[in-house]
Amino acid sequence: MRTTHTVTVVGGGIGGLTTALALRRRGMHVSVLEQAPELGEVGAGIQTAPNASRILLGLGMRPRLEAVRTEPTHQVRRRWKDGRIIAFRPLGEAVWREYGAPYWHFHRADLHQALLDACVDPHGPGPVVEIHTGATVVGLDRSDEARPAAVTDDGRHFPADVVVGADGVRSQVRSALGLDDDLIFSGEMVYRALIPGDKIAADPATRFLADQYHSTLWYGPDRHLVHYMIRGGEYLNFGGSVPNTIDLTQGWSAPATVDEMVEAFSDWDDRITSILSKAEGNASKWAIFARRRDPRWVDGHIALLGDACHAMLPYQAQGASQAIEDAAVLAEELAVVGRDDIHTALLRYTARRANHAGMVQDASAQNKHFYHLPDGPEQQERDRKLASFEGESDVSYDWLWRGTPLRDTDTTSFSYKFARSASS
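Model, not experiment: these values are computed from the prediction.

Caption draft 1: View of the sheet that holds strand β10 (residues 157-159). Within the open sheet, the 3 strands sit side by side as β8-β9-β10. Their pairing is antiparallel. The open sheet has two free edges, formed respectively by β8 (137-141) and β10, since each of these has just one partner strand. Sheet twist, expressed as the mean angle between neighbouring strand axes with direction ignored, is 25°. Both strand β9 (residues 149-152) and β10 contribute to a ladder of 3 bridges, which runs antiparallel. Note that in β10 the partner of V151 across the bridge is H157.

Rendered as structure tokens:
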């Protein structure tokens, strides 16, 4: 039985690189095709809850991640009008102790670079991943069903035993498979901005955000916002969800100004204005789409992964984390089959992941309603439940963070004692 498969991964984002690394560590030969001329990541902050960080630790990423992560001490939930704290939950060591894996914040570019470095490290286990930039995939050559090839716009073919479409919400692999264009517009957009940490620390109105690194959610009518420190306090990452104003006929994203962000939250607690007025650089706004839940992820030796098959609203902070889980399960299934059984392995991958990721999709959609309730009896009942970290979707933090999609216990056996002593 030959298990050293060749795999072409279309898409060099966090999901694609995690897939490449997981496959590499199982001994497979991987090529990553990225349409951008240089491999990198746009955006700002990203959160990895224990269900995702547990997998990254199992992929040998701990030293690289500890060099760039920021670990929040608490999650804080606040009321929109006066900033009153609804709930206060320990993170940091409490999460290590309870779940055996950390809750970490990153700049997306730092997490992406750490994954890229691990993929191409000549001293790492398994064959070094081949990275091809400027490789825009426009179709699939399926003349040999057992050796499909990704085809780029300049005519190159990249045949492999498996092709993985990790190419996001506008997946060309998905389109080439003839699957439904099932994106659903949420009616909302999200502002994203980075605010210099030194400005936050210098202002008495915002100094509290620099004294302790919290992961903070504010709930209000028709909108909510999230902020947390990244790069050890160099920046405060801000994301605010509001009703959409982007002309979608012109694109899904656009630059944003400080003034319009301040205006969007002008009737909120004055500290929000103090925070947003300090934003610098490339603030932006992004229309929010999600996919209809659909279990069709595989056709022959071609599989979809991450946003290509289960794009979700950002209201569970699990989009990237679910792609990381996909990557680990896909590698686990492919590692134990020969070439003749690849299709069966891909079907098992889908069977193990589609319902789970679909539940998180549903939970994220539920939170759109819960987060944006107008003030009144339903909001008051929600806040009462939020105080004990309930009152959101049907998916609990405990279920999401404690579970693992993996069968290989070696990648999930990080005890609290091991975790802390290894970094002391």
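Moving on from the model shown.
Caption draft 2: Structural detail: the packing of helix α12 (residues 319-334) against helix α13 (residues 342-371). Closest axis-to-axis distance for the α12/α13 pair is 9 Å, and the angle between their directions is 155°. Here α12 is positioned roughly antiparallel relative to α13, judged by the angle of their axes. Here α12 and α13 pass one another in a crossing that is right-handed. Note on element contacts: α13 touches α12 through I342, A345, L346, R348, Y349, R352, R353, H356, A357 and V360, opposite Q322, E325, D326, V329, L330, E332, E333 and L334. Among the residues forming the contact of α12 with α13, the class breakdown is 9 nonpolar, 2 polar and 7 charged.

Caption draft 3: Region of the structure containing α13. Over its 30 residues, α13 extends 42 Å from the first C-alpha to the last, a length consistent with the 44 Å expected when each residue adds 1.5 Å. Of all the bends in α13, the greatest measures close to 30° and is centred on R353.

Caption draft 4: Examining unusual backbone geometry more closely. Of note, D222 is a non-glycine position whose phi angle comes to about 70°, a positive value. You can see D222 is positioned in the loop between β13 (214-220) and β14 (223-230). With relative accessibility at 48%, the residue D222 sits in the partly exposed group. Phi is positive for R231, which is not a glycine, with a value near 50°. Its location among the elements puts R231 in the loop between β14 and β15 (235-243).

Caption draft 5: Highlighting the side chain of T152. On the secondary structure map, T152 appears in strand β9. Relative accessible area serves as the criterion here: at 2%, T152 is assigned to the buried category. Excluding residues within four positions of it along the chain, T152 makes contact with A135, T136, V137, V138 and F158.

Caption draft 6: Expanded view of the nonpolar core. With 69 residues, the main nonpolar core has M61 and L334 as its most contacted residues. Looking at this core, the element that brings in the most residues is α12, giving 9 residues. Core analysis: the second largest hydrophobic core is formed by 29 residues, Y191, A210, I275 and A287 among them.

Caption draft 7: Representation of the packing of aromatic side chains within the structure. Per the stated rule, a full pass over the model turns up 13 aromatic pairs. Between W104 and F106, the ring centres sit 6.2 Å apart and the planes meet at 85°, which makes this aromatic pair edge-to-face. For the pair W104 and F106, one class covers both residues: buried. The ring of W252 carries the charged tip of R170 above its face, separated from the ring centre by 3.7 Å.

Caption draft 8: Broad picture of the pattern of salt bridges. Applying the stated criterion to the full structure yields 32 salt bridges. Between R352 and E332 there is a salt bridge, and its shortest N-O distance comes to 2.6 Å. Placement of the pair is R352 in helix α13 and E332 in helix α12, with a sequence separation of 20 residues. The exposure class assigned to E332 is buried, which follows from its relative accessible area of 8%. With its nearest N and O atoms 2.7 Å apart, the salt bridge here joins D398 to R402. Here D398 pairs with R402, and both are found in helix α15 (residues 397-402), just 4 residues apart, close to one helical turn. Take R402: its relative accessible area is 42%, and that puts it in the partly exposed class. Through salt bridges with shared partners, a single network forms among R174, D180, D182, R291, R292, D294 and R296.

Scoring rules and cut-offs
- Residues numbered from 1 in each chain as written.
- Predicted model: local features only at pLDDT ≥ 70, side-chain atom pairs only at ≥ 80, totals over all residues.
- Heavy atoms only, no water.
- Pairing = 2+ DSSP bridges.
- Helix = DSSP H or I, 4+ residues; strand = E, 2+ residues; numbered from the N terminus.
- Axes fitted to C-alpha atoms, helices over the stretch in contact; angles between N-to-C directions.
- Parallel < 35°, antiparallel > 145°, perpendicular 65-115°, else oblique.
- Left-handed = near helix turned anticlockwise from the far one by under 90°.
- Contact = heavy atoms within 4.5 Å.
- Nonpolar A, V, L, I, M, F, W, Y, C, P; charged D, E, K, R; others polar.
- Expected span 1.5 Å × (residues − 1).
- Bend = angle between axes of the 7 residues up to and from the residue.
- Buried < 20%, exposed > 50% of the residue type's maximum accessible area, 1.4 Å probe, protein only.
- Core = buried A, V, L, I, M, F, W, Y, C linked by side-chain atoms within 4.5 Å.
- Phe/Tyr/Trp six-rings, centres within 6.5 Å; stacked < 30°, edge-to-face > 60°.
- Lys NZ or Arg CZ within 6 Å of the ring centre and 35° of its normal.
- Salt bridge = Lys/Arg side-chain N within 4 Å of Asp/Glu carboxyl O.

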